[in-house]
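Structure at a glance
Chain by chain, the residues:
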Amino acid sequence: MSAKAITEASGKDILNRHLNAHGAGAATCRFATVNASTDWSRLSADHPWLLTTPLVVKPDQLIKRRGKLGLIGVKKSFEQVKQWIGERLNQDQKIGNAVGKLRNFIIEPFVPHTDAEEMYVCIYSHRSADTILFYHQGGVDIGDVDAKAVKLDVPVNSSLSPADVESKLLKEVKDSATKERIAKFVSALYATYVDLYFTYLEINPLVVTADNLYILDLAAKLDSTADFICRPKWGEIDYPPPFGRDAYPEEAYIADLDAKSGASLKLTILNRNGRIWTMVAGGGASVIYSDTICDLGGASELANYGEYSGAPSEQQTYEYAKTILNLMTSSPKHPEGKVLITGGGIANFTNVAATFQGIITALREFQPKLAEHNVSIFVRRAGPNYQEGLRKMRDFGTTLGIPLHVFGPETHMTAICGMALGKRPIPQVASVEFSTANFLLPGGQQAQADLKAASEAEGLGSGSALSASAAKTIKLPPISADEGDGVAGGAVAGAQRNGTTLKRKFFSNSTKAIVWGMQQRAVQSMLDFDFICRRDEPSVVAMVYPFTGDHKQKYYWGHKEILIPVYKKMSDAIHKHKEVDVMVNFASMRSAYESTLEVLEFPQIRTVAIIAEGIPENMTRKLIIEADKRGVAIIGPATVGGVKPGCFKIGNTGGMLDNILHSKLYRPGSVAYVSRSGGMSNELNNIISKATDGVIEGIAIGGDRYPGSTFMDHILRYQADPETKLIVLLGEVGGTEEYDVCAALRDGRITKPLVAWCIGTCASMFTSEVQFGHAGSCANSDRETATAKNKALREAGAYVPDSFDTLGELIHHVYGELVKTGRVVPKEEVPPPTVPMDYSWARELGLIRKPASFMTSICDERGQELIYAGMPISEVLSKDVGIGGVISLLWFQRCLPSYVCKFFEMCLMVTADHGPAVSGAHNTIVCARAGKDLVSSVVSGLLTIGDRFGGALDGSARQFSEAYDTNLHPMEFVNKMRKEGKLILGIGHRVKSINNPDVRVKIIKEFVLENFPACPLLKYALEVEKITTNKKPNLILNVDGVIATAFVDMLRNSGSFTSEEAQEYINVGAINSLFVLGRSIGFIGHFMDQKRLKQGLYRHPWDDISYVIPEQYN
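Residues numbered from 1 in each chain as written. Predicted model: local features only at pLDDT ≥ 70, side-chain atom pairs only at ≥ 80, totals over all residues. Heavy atoms only, no water.

Points about the overall build of the chain
What the chain contains, in helices and strands, is 41 helices and 37 strands. Contacts spanning at least 24 positions in sequence make up 73% of the contacts within the chain whose residues lie at least 6 apart. Surface accessibility of the chain: about 48,400 Å² in total, with carbon and sulfur atoms responsible for 53%. (Helix = DSSP H or I, 4+ residues; strand = E, 2+ residues; numbered from the N terminus. Contact = heavy atoms within 4.5 Å. Areas by Shrake-Rupley, 256 points an atom, 1.4 Å probe, with all protein chains shown as cover.)

Right, dumping it as structure tokens:
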């Protein structure tokens, strides 16, 4: 939702900080807020005026007409206000059909004034302008303000001067000085309204006294999508729920998930004790499921409204499902049990299997509670990888222990609602349609066609609610005189909008497009669509992505690879590709406005599709104005796009290839549709392909309040297209655009059969206002309800079903009449060419296998959370395993005992550095002083590690363990090594000796002897040390030796490794790893030290070099 109501306190706080900066000259609004946790003594200390002035008190919970309802206390003392609030706090209050508790109040100083000083001001936004209402009499008795007030429309992107306000709004204000003050105020109020992205602002009354202007009562809405622009000016804003519906922490949690995600996650709790719970994918689908449940009599038991869409990850879906299941199973049990409807339309790009995996994980976690609450689950879904998703869900259902019924696109989208509520029989075996793999194999198409023919022979679907007698009564409108041209009388005149010729076709089989954004999957989807439509050339000729330099990107055209240029600048792409007339804009909500404005500067672009959701409404309205000036059509924002079968598709429209083939989108049919919902457009593709000869064009105009193009824009194009024989409109609650369609039906601009349905009929059955999935789907008046629109469309001559459940049957019967009367002549089906499946997708579907290039067994980054050897990173941190624990997981694939982890950490600490003179540190320093980077400098130091420097650990471990394992006496071992002329690795030090011991060795030796369960090899090495130091005092057991022998003791005696595993780690050279890791710390320190000291290039002094050059040339 974009336009969200805020509390009166929030609205006045914003105006206090910004209104007078525009020259309003208004008094600062003084107020204090109260709730159940308020400390009254602290409140009076913070606001001393509470004790010295008469007060006004009222609830601040989005309640309209508080004065009429007796919910305002006037001219009260502080003690009286406390008593007034105390009598009402947390008490039930009925307002209309809604019952809620009064929890939040606002207290203000009483402003003495007369009725004549009360005035009314309101500003609200609509598509092309902001309307200002002013009436010279305000207050609770204002009555029908729409009829009384003077109206002034300020076009979008225009300013408002005080002179305009005076001349057009203030004619009834007689005093010239007062008029001037009010004009300045209204002008400043409007400037603030625009600057701070308000969508509604009402002040009643505005009190104008001789010395000041006071804002007494205020109601306001903000465009919440402008948060990324206005947060510094707004501050932290809380959007309260409508009165009668409490704010639940679960709703806040999902809202927080939504804010942090690129997907859409919504949850509204309607009745926590209800028995019918929904978990629906898609904004439009979620409304239709709620409609169907209410139509079937389930309104009072519907527990929630919500949706998940936009390709949420497995983890996000799990969190969403877990939240709903927790709500469902924490409320009281229901005598009839509970039902969970997990539904959705046919997804365009969401991986159904991935999201279902998240749901399955949550269901598994809640299985005992679900069984305890006698829950039945009904699933219907389709889209990318849906076959695997449904298979997983069916397989899981066999182990769940509660009824779980699973259906795919062969079942009407909302049929599971009737099954769940006992209104429709549950099929024992679903007629599963062809899988993704079969669709893409030659011959699969004919098999699918045979399946469709068989199903049509049995009737369009089981349980059809459209009776045969009703079908016979369908009468088509008469064929108009100019039907052959496809344009009814008057339609041409009506097809003009500010210079945009909407009669023109947007797309053809030669349409060329530029895609803004690095959307490789969407581009490949467009190219595959082009190929199966038998286009001669790809529709995407270039991409624009300002965050990289110009380059080429590889894609597939059928079986062969092609290169598509990617440009940093839009101007370069446009100038090099003069044939382009469409831009598909995948820019984010933050940059979609600027990137679209930029492309509007190029006259060759005639159509722009804006995919992003969440673009601020003011920006969208400005785009609409600019596009109209230039004759450019905009599809979106907040849309998946549209499709012209056989010609062109926008981005991810139509979903995966299997759905495109299944819905016959590779060739034109006779039916054109327009919808708000992108997800439902795919469902319409499915419905229309089953009920008719298919789609000729389909557009999803987008779910925002102000879509770039309207229903009428596209319906008039379809009316003007002689190939379009039947038009389908899927409207929704909110807005009034459907009434333009009614007018066009009545005045003859639309003469072709129009099947229409507006979703959101359930809204009138809820006791409090519910904002549905789309920003525009909220009724602000009775006229904007779906029920009123459906009635008006039916009366205007459209074919309107009784519910969405019967939409497909009605389309089928109207189409049947068109065939019967000869207005549609079905064409022979021509199978499309087969397109190879991408390797990555084929592998995900389990159709192919190949040996992996790499194998790994220590870390997995593919899921929502990084995993170290089976332990999630959150657990690694929460258990505080430390660096030693991480080493044990990543090096040894297991959690080793705490003393081992401590040993690892001690080794890292004592080996971290040994001064700048040793070879590794020296090399690092020389490299750093030569200007090399960190990695190069550290690597130069690491390359010196070997048997002579630091790397003796592995050799030492081998020598000592071989001697110990062959039962050599320490003296025999020393003699053997001397006889072979080999040094004993791990013995000897250049500086330290028996008389000057190495403290590092002492620390590690004492820790190992005290904490290890056994350390025979270390003790053996200490015996060797006694022998060697008798010969020379510096032949001590050094750091390498003590770490190496202790490491072997750990491997052999900790109980964590088999003897074979222990020996393998010794053989592969694992022991040296501690020195490498530890000394890297020191090398990095030396690099940073040299940079910090700003040391120049190192050159070794001559006097430290012995030159031994021959005396004469030989």
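Having seen the structure, we can now continue with the description.
Quick word on the confidence of the model for the chain
The share of residues in the chain with pLDDT of 70 or more is 91%, and the mean pLDDT across the chain is 88. Contacts from residues 479-485, a stretch scored under 50 in pLDDT, to residues over four places away or in other chains number 11 contacts. Across residues 773-777, confidence stays below pLDDT 50; counting only partners more than four residues off in sequence or on other chains, it has 27 contacts. (pLDDT = per-residue confidence, 0-100.)

Thoughts on the side chain of Asp-291
Mapped onto the elements of the fold, Asp-291 is located in helix H9 (residues 283-295). At 11 Å, Lys-789 is the nearest oppositely charged side chain to Asp-291, a buried residue that forms no salt bridge. A distance of 2.5 Å separates a polar atom in the side chain of Asp-291 from the backbone nitrogen of Gly-760. Apart from residues no more than four positions distant in its own chain, Asp-291 is found in contact with Ile-759, Gly-760, Thr-761 and Cys-762. (Buried < 20%, exposed > 50% of the residue type's maximum accessible area, 1.4 Å probe, protein only. Lys, Arg positive; Asp, Glu negative; His and termini not counted. Salt bridge = Lys/Arg side-chain N within 4 Å of Asp/Glu carboxyl O. Polar contact = N/O pair within 3.5 Å; in protein donor to acceptor, adjacent residues only side chain to side chain.)

With respect to the state of the cysteines
This structure, assessed with the given rule, holds zero disulfides. The cysteine Cys-417 is free of any disulfide, with Cys-294 supplying the nearest cysteine sulfur at 10.0 Å. With no disulfide of its own, Cys-742 lies 8.1 Å from the sulfur of Cys-758, the closest cysteine sulfur. (Disulfide = S-S within 2.5 Å.)

Focus: the packing of helix H26 (residues 737-746) against helix H27 (residues 786-796)
Each pair of packed helices gets described by two things: the angle between the helix axes and the distance between those axes. Relative orientation of the contacting elements H26 and H27 amounts to 10°, with a least axis distance of 9 Å. Classified by the interaxial angle, the pair formed by H26 and H27 is roughly parallel. Between H26 and H27, the residues in contact are Glu-738, Tyr-739, Val-741, Cys-742, Leu-745 and Arg-746 and Ala-788, Lys-789, Ala-792, Leu-793 and Ala-796, respectively. A per-class count over the contact of H26 with H27 returns eight nonpolar, no polar and three charged. (Axes fitted to C-alpha atoms, helices over the stretch in contact; angles between N-to-C directions. Parallel < 35°, antiparallel > 145°, perpendicular 65-115°, else oblique. Nonpolar A, V, L, I, M, F, W, Y, C, P; charged D, E, K, R; others polar.)

Considerations on helix H22 (residues 617-630)
Its 14 residues place the ends of H22 20 Å apart at the C-alpha level, agreeing with the 20 Å of an ideal helix rising 1.5 Å per residue. Of all the 14 residues making up H22, 10 are buried; the element is thus mostly covered by neighbouring parts of the structure. For H22, the set of buried residues is Glu-617, Asn-618, Met-619, Thr-620, Arg-621, Leu-623, Ile-624, Glu-626, Ala-627 and Asp-628. Backbone geometry just after H22 places Gly-631 at a positive phi near 70°. (Expected span 1.5 Å × (residues − 1).)

A short note on the sheet that holds strand S32 (residues 695-700)
Taken together, six strands build an open sheet; the order of strands is S30-S29-S32-S31-S33-S34 and the sheet is mixed. Edge strands, defined here as strands with exactly one partner in the open sheet, are strand S30 (648-649) and strand S34 (754-759). Here strand S31 (residues 671-675) pairs with strand S33 (residues 726-732) via five bridges, running parallel. Considered in S33, the bridge of Ala-672 is made with Ile-727. (Pairing = 2+ DSSP bridges.)

Observations regarding the sheet that holds strand S35 (residues 859-860)
Pairing within the open sheet is antiparallel, and its three strands lie in the order S35-S36-S37. Each edge of the sheet is formed by a strand with only one pairing partner; in this case those strands are S35 and strand S37 (871-872). By the bridge criterion, two bridges tie strand S36 (residues 867-868) to S37 in an arrangement that is antiparallel. Bridge pairing links Ile-867 to Pro-872 in S37.

Side note on a nonpolar patch on the surface
Taken together, the side chains of Leu-934, Val-935, Val-939, Leu-943, Ile-1084 and Met-1088 make up a nonpolar region of the molecular surface, amounting to roughly 540 Å² of accessible area. Listing elements by their share of the nonpolar patch, those giving two or more residues are helix H34 (934-942) and helix H41 (1073-1092). Ranked by residues supplied to the nonpolar patch, first place goes to H34 with three residues. Relative to the elements of secondary structure, Met-1088 occurs in helix H41. (Patch = residues over 30% accessible without salt bridge, like charges linked within 9 Å, V, L, I, M, F, W, Y side chains within 5 Å.)

Section: the pattern of salt bridges
Applying the stated criterion to the full structure yields 48 salt bridges. Glu-108 serves as the salt-bridge partner of Lys-12, at 2.1 Å between the closest nitrogen and oxygen. Residue Lys-12 is located in helix H1 (residues 8-18), and its partner Glu-108 is located in strand S7 (residues 105-109); the two are separated by 96 residues in the primary sequence. Accessibility assignment for this pair places Lys-12 and Glu-108 in one class, buried. In this structure, the salt-bridge partner of Asp-130 is Arg-621, at a minimum N-O distance of 2.9 Å. Separated by 491 residues along the polypeptide, Asp-130 in strand S9 (residues 129-135) and Arg-621 in helix H22 bring together distant segments of the chain. Look at Asp-130 and you get buried, because its relative accessible area is 2%. It is possible to trace a salt-bridge network through shared partners that takes in Glu-8, Lys-12, Lys-58, Arg-66, Glu-108 and Asp-217.

Observations regarding unusual backbone geometry
Residues other than glycine predominantly adopt negative phi, and peptide bonds predominantly adopt the trans conformation. With omega at 5°, the peptide bond leading from Asn-204 into Pro-205 counts as cis. Turning to its location among the elements, Pro-205 is positioned in strand S11 (residues 198-208). The omega torsion across Gly-636 and Pro-637 is 0°, close enough to zero to call that bond cis. One non-glycine residue, Arg-65, adopts positive backbone phi at about 55°. You can see Arg-65 is positioned in the loop between strand S3 (55-59) and strand S4 (73-76). You can call Arg-65 exposed: its relative accessible area is 62%. The phi angle at Asp-880 is positive, at roughly 55°, despite the residue not being glycine. Within the secondary structure layout, Asp-880 lies in the loop between helix H30 (873-878) and helix H31 (882-892).

Overview of the pairing of S3
The buried count for S3 comes to five of five residues, which makes it a mostly enclosed element. A two-sided burial pattern is seen for S3, the buried positions comprising Leu-55, Val-57 and Pro-59 on one face and Val-56 and Lys-58 on the other. In the sheet, S3 pairs with S7 via five bridges, with the strands oriented antiparallel. By the bridge assignment, Val-57 is partnered in S7 with Ile-107. Here two bridges tie S3 to S4, and the two strands are oriented antiparallel to one another. In the strand pairing of S4, Leu-55 is matched with Lys-76.

Brief notes about the environment of Val-755
Looking at the element boundaries, Val-755 is found in strand S34. Given the relative accessible area of 0%, Val-755 is considered buried. Measuring from C-alpha to C-alpha, the distance between Val-755 and Thr-52 comes to 66 Å, with 703 residues separating the pair along the chain.

Remarks on H41
Its 20 residues place the ends of H41 29 Å apart at the C-alpha level, agreeing with the 28 Å of an ideal helix rising 1.5 Å per residue. Taken together, the buried positions of H41 are Ser-1073, Leu-1074, Phe-1075, Gly-1078, Arg-1079, Ser-1080, Gly-1082, Phe-1083, His-1086, Phe-1087 and Gln-1090. The first or second residue beyond H41 is Lys-1094, which carries a positive phi of 55°.

Re the packing of aromatic side chains
Summed over the entire model, instances satisfying the criterion amount to 22 aromatic pairs. Geometrically, the ring pair formed by Trp-40 and Phe-78 is edge-to-face, given 5.7 Å between the ring centres and 65° between the ring planes. Separated by 38 residues along the polypeptide, Trp-40 in helix H2 (residues 40-46) and Phe-78 in helix H3 (residues 78-88) bring together distant segments of the chain. Residue Phe-78 is classed as buried on the basis of its relative accessible area, which comes to 8%. In this structure an aromatic cluster arises from ring pairing among Trp-891, Phe-892, Tyr-899, Phe-903, Phe-904, Phe-1012, Phe-1047, Phe-1057 and Tyr-1065. (Phe/Tyr/Trp six-rings, centres within 6.5 Å; stacked < 30°, edge-to-face > 60°.)

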